[in-house]
Amino acid sequence: MADFLSLHTALSGILAARAGVETTSHNVANAHSTGYTRQRVTQLSREYGHQTSYGTIGTGTTIDGISRARNEFLDMRVRAGLGLAAGLDVRASLLGRVEEALAEPELGIGAALADTWNAFEELSLSPTDPAARRNVIATLQALTTRINTVAESWNRVASDAQVSIQQDIGEVNRLLQEVAGLNEAIRRSSGLATPNDLYDRRDLALDRLAALIGATSREMEDGTVKVSVGGLTLVQGDRASEISWNADDLTIGHVSGVDVQPGGAIAEYQRFLAEDLAARQATFDQFVTHLVETLNSRHNAGTYGPGQSGADLFDPAATAFTLTLLVTDPYELAASGDPFATHDGGNAASLAALREEPVPGDGRTLDQIWREIVTDIGVSARTALDAASAQAGLQSAAELARMGAHGVSIDEEMVALIEYQHAYQASARVMTAVDELLDQLITRTGLVGR
Amino acid sequence: MRITQQAMSYQALQRLQNRLDQLAQAQASLGSGKRIHKPSDDPSAMNRSMSLRGLQAASDQAARNASDGLLWTSLADSKLQTLLDRLHRARELAVRSGSVTNDAEREAFAAELRSIREEAIAIANSKIGDRALFAGTADGDAVSADGTAYLGDEGVVERRVGPNDVVRVNVLGSEVFGFDDGRDLFSVLDDLTTHIASGDSAGVQTSISEIDDSMDRILSALAELGAATNRIEAAQRRNADEKLSLQDRLSQVESVDVAEAIMQLQLQQVAYEATLGALARSIQPSLIDFLR
């Protein structure tokens, strides 16, 4: 009886070693799969033994399960950072585009302003020279175009941000569905065996959700996770709720009627549209208003031809985007400060003097106002870049720690493979030994006196 | 900490990426010679750079204004010098006319004086570009063709030759030729011609003193022009100095220190190669290489 038992004991060792080799090969095969967590066979000695009068003899090993080397704390750390890092990246790249549109210092509005003042001053030298007049119109047109171009590029950044946020919201909805589906699959199968690879896929989706919208998750007792964003639950069990982007009021809607307070990349798109860009567009428009008002009133004060007053140079109600030059006929430039003096360039000189004159009600010159706008954008972009690269460093440390804990080490797997191989060989040897013992008993015994 | 192959290659790739990024930056700054390409590279330097560029543009324009101003003052100066010469000649003729007794010679004097008067009118109507030099800001001639009326206005022509430095570069025909004082140069010459032709020596004496007055007016205009020229030339020198100093400051703000940039590039290159070498060594072996 005991001999047969030993055969089973050896068999349990062989089966366990085989499971070990299979798990190891699964690990090696997935060594570079995204989001894969290494798995281990957990082996325990069999709990019921063979009772004898002198004690209990063990009956081999049993496979307790295939465990997954997942560290929840590392996941939390990585996910918290993922949202931040993705958000800062978005912010840095959006502000980068805002400042690129300025084309300062060489081809920007600053240079166009300087050209304009020079053109006016040149006109004051020879007020009746058609070339000087045409030059003023050309530089004013260049200034207008540059202002329009910056405003247009900023609008394009805004519309691109809208498209990105729309796509990201779509992806978030898809991921929420996926997590809900995986929740369901995990709950159904967890009674039978641990569905490790489903967990991996769900963790991958949760990582992505953390980066996109700063989602946090909590594991429930039945193996499902509850996903929430800004305190609002979006996935519970097998049910996910949709969110939607309202492009007009820049909010994210939810069936509950409460606006979602996002994190991650989406939050930064939203913040950029609602605050950063809007504020800058407002100061830019303010600058354009100052420019239009001062140039118009100066130009109105002058005369051209036989005593005609200067018209508005620019459309008085213009924003940066709609700014248009109204005076396009060089003849109509009011260069003269004296209606009866043909060769007077006094008004052209006084237009040129705006180079150094503070804007009424503001105290700064137009050049200064523009410089401050550029510097402000530069500082924000710099800050965003620095924050993004600092966060990227932190993030890569967290990612590395998690990769170290979760990832597959080929060396380790090779060691495990050899261990399991040896275990298999040893168990087989035990089986052979038992087989020989039985052979002894069956074929060699009972032959006394033959 | 547990380390895996994947973590190692991840880390190595990131380091490589950082190195390559720094190498690219070092290359870009050396290639363009510029330290700042966009506002975020150094916002405060960008602010200074823009303000310096603005000052540079203003200073370039001031230089152009100054040379245009010099054109005005030097042209007016040479024209008035010529006029002064002609008046000296007229005065000489007037003085000499006292000792002349025959009519033919008096007539010759009168003829020369008439041509001097014509010449004076031509000088008074000198042009600078498409406008009259002595007509203020009015269009057309400064003096009517017969020399009897001033056609210009009292317009002042000024040039900004530096920050807060505005120089007047024109003199008005009405002042220089005496229209304002009621005794204009051309009627003086006219009267002198008549007096000489008619042998009126008392009249000639009056005319001589009137010519002296005219010459005084021209001399004072020349002094004014000389002072303006001096101011403009001083401004030009200041401007040239300032241009250099602006260029210098701008390059301090914007430009790359080439020696340092080359050293940076070299350092980054060495670091990049070292990272590549370390990566190649570290990712190659695994236990597999040593298992039979």
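Since the structure is predicted, the reported quantities are computational estimates derived from the model, not experimental observations.

### Observations regarding the overall build of chain B
The helix and strand tally for chain B stands at 7 helices and 4 strands. Along chain B, from the amino end to the carboxyl end, the secondary structure elements read α-α-α-β-β-β-β-α-α-α-α. Taken over C-alpha atoms, the radius of gyration comes to 38 Å for chain B, far larger than the 19 Å a tight globule of 292 residues would show. Seen through its C-alpha atoms, chain B measures out along the principal axes to roughly 140 × 30 × 25 Å. For chain B, the share of sequence-separated contacts (at least 6 apart) that also reach a separation of at least 24 residues comes to 66%. Carbon and sulfur atoms form 52% of the exposed surface of chain B, whose accessible area is close to 14,700 Å². One way to put it: in chain B the 31 positive side-chain charges average out to a point 15 Å from where the 43 negative ones average out.

### Quick word on the environment of Ala 101 of chain A
Residue and element names in this part refer to chain A. Relative to the helices and strands, Ala 101 is located in the loop between α2 (72–100) and α3 (109–125). Taking the C-alpha atoms as reference, Ala 101 lies 58 Å from Leu 417; in sequence the two are 316 residues apart. Setting aside chain neighbours within four positions, we find Ala 101 in contact with Val 150, Ser 153 and Trp 154.

### Observations concerning the interface of chain B and chain A
If you look at the interface, chain B gives 43 residues, while chain A gives 49 residues. Interface of chain B and chain A: buried area, both sides summed, is about 4,100 Å²; carbon and sulfur atoms make up 56% of it. Taken as a group, Arg 2, Gln 6 and Met 50 of chain B account for 17% of the area that chain B buries against chain A, more than any other trio of residues on that side. Here chain B is connected to chain A by 4 salt bridges. Between Lys 34 of chain B and Glu 106 of chain A there is a salt bridge, with the nearest N and O atoms lying 2.9 Å from each other.

### Things to note about the packing of aromatic side chains
Tallied over the full model, the rule gives 9 aromatic pairs over all chains. A centroid spacing of 5.6 Å and a plane angle of 45° characterise the contact between Phe 284 of chain A and Trp 370 of chain A, whose relative ring orientation is tilted. Here Phe 284 of chain A is found in helix α6 (residues 264–301), whereas its partner Trp 370 of chain A is found in helix α8 (residues 366–406), with 86 residues between them in sequence. Residue classification places Trp 370 of chain A among the buried positions, given a relative accessible area of 0%. Relative to Phe 186 of chain B, the ring of Phe 177 of chain B lies with its centre 5.7 Å away and its plane at 50°, an arrangement referred to as tilted. Both residues of the pair, Phe 177 of chain B and Phe 186 of chain B, count as buried.

### Topic: the layout of surface pockets
Quantified by volume, the largest pocket comes out at close to 1,500 Å³. Along the walls of the largest pocket sit 41 residues, with Ser 389 of chain A together with Asn 18, Asp 21, Gln 22 and Gln 25 of chain B positioned nearest its centre. Contributing elements (two or more residues each) for the lining of the largest pocket: α2 and α8 of chain A together with α1 (5–32) and α7 (258–283) of chain B. Sort the elements by how many residues they give to the lining of the largest pocket and α1 of chain B lands first, with 14 residues. Looking at side-chain class alone, the lining of the largest pocket contains 13 nonpolar, 14 polar and 14 charged residues. Approximately 450 Å³ is the volume attributed to the second largest pocket. Contributing to the lining of the second largest pocket are 25 residues, with Ser 124 and Ala 349 of chain A together with Glu 158, Arg 160 and Val 166 of chain B lying nearest its centre. Those elements giving two or more residues to the lining of the second largest pocket turn out to be α3 and α7 (346–352) of chain A together with β3 (158–162) and β4 (165–168) of chain B. When its residues are assigned to classes, the lining of the second largest pocket shows 8 nonpolar, 8 polar and 9 charged.

### Brief notes about the packing of α3 of chain A against helix α2 (residues 43–97) of chain B
Interaxial distance between α3 of chain A and α2 of chain B falls to 10 Å at its minimum, and their mutual angle equals 15°. In this view, α3 of chain A runs roughly parallel relative to α2 of chain B, as classed from their interaxial angle. You can see that α3 of chain A and α2 of chain B cross each other, and the crossing is right-handed. Residues Gly 110, Ala 114, Asn 118, Glu 121, Glu 122 and Leu 125 of chain A of α3 of chain A form the contact with α2 of chain B, whose participating residues are Met 50, Ala 57, Ala 58, Gln 61, Arg 64, Asn 65 and Asp 68 of chain B. Of the residues that constitute the contact of α3 of chain A with α2 of chain B, the class distribution is 5 nonpolar, 4 polar and 4 charged.

### Some words on the sheet that holds strand β6 (residues 225–229) of chain A
Residues and elements named next belong to chain A. An order of β5-β6-β7-β8 is seen for the 4 strands of this open sheet, with the pairing classed as antiparallel. Of all strands in the sheet, those bounded by a partner on one side alone are β5 (216–219) and β8 (239–240). Set on the sheet, helix α4 (residues 130–189) makes contact with β6, β7 (232–236) and β8; between it and β7 the angle comes to about 50°.

### A few points about the domain arrangement of chain A
Residues and elements named next belong to chain A. Taken domain by domain, chain A consists of domain 1 (2–69 + 407–444) and domain 2 (76–394). Each of domain 1 and domain 2 has a C-alpha centre, and these two points are 64 Å apart. Each partner contributes to the interface: domain 1 provides 9 residues, whereas domain 2 provides 7 residues. For the pair domain 1 and domain 2, the two sides together bury roughly 610 Å², of which 35% comes from carbon and sulfur.

### Digging into the packing of α1 of chain B against α7 of chain B
All names here are of chain B. Close contact between α1 and α7 brings their axes to 9 Å; oriented N to C, the two are set at 160°. In this view, α1 runs roughly antiparallel relative to α7, as classed from their interaxial angle. Crossing geometry of α1 relative to α7 is assigned as left-handed. For the contact of α1 with α7, the residue count by class is 15 nonpolar, 7 polar and 2 charged.

### Side note on helix α5 (residues 196–213) of chain A
For α5 of chain A, which comprises 18 residues, the first-to-last C-alpha distance of 26 Å matches the rise-based estimate of 26 Å (1.5 Å per residue) to within 8%. Gly 214 of chain A sits one or two residues past α5 of chain A and shows a positive phi near 70°.

Conventions we followed
Residues numbered from 1 in each chain as written. Chains lettered and ligands numbered in written order. Predicted model: local features only at pLDDT ≥ 70, side-chain atom pairs only at ≥ 80, totals over all residues. Heavy atoms only, no water. Helix = DSSP H or I, 4+ residues; strand = E, 2+ residues; numbered from the N terminus. Rg over C-alpha atoms; globule rule 2.2 N^0.38 Å. Contact = heavy atoms within 4.5 Å. Areas by Shrake-Rupley, 256 points an atom, 1.4 Å probe, with all protein chains shown as cover. Lys, Arg positive; Asp, Glu negative; His and termini not counted. Charge placed at Lys NZ, Arg CZ, Asp CG, Glu CD. Buried area = accessible area lost by both parts, 1.4 Å probe. Salt bridge = Lys/Arg side-chain N within 4 Å of Asp/Glu carboxyl O. Phe/Tyr/Trp six-rings, centres within 6.5 Å; stacked < 30°, edge-to-face > 60°. Buried < 20%, exposed > 50% of the residue type's maximum accessible area, 1.4 Å probe, protein only. 1 Å grid on protein atoms, 1.4 Å probe; cavity = no way out; pocket = protein on both sides within 12 Å on 5 of 7 lines; lining within 4 Å. Points joined across faces, edges and corners; volume = space filled by probe spheres on them. Nonpolar A, V, L, I, M, F, W, Y, C, P; charged D, E, K, R; others polar. Axes fitted to C-alpha atoms, helices over the stretch in contact; angles between N-to-C directions. Parallel < 35°, antiparallel > 145°, perpendicular 65-115°, else oblique. Left-handed = near helix turned anticlockwise from the far one by under 90°. Pairing = 2+ DSSP bridges. Domains from an automatic or database assignment. Expected span 1.5 Å × (residues − 1).

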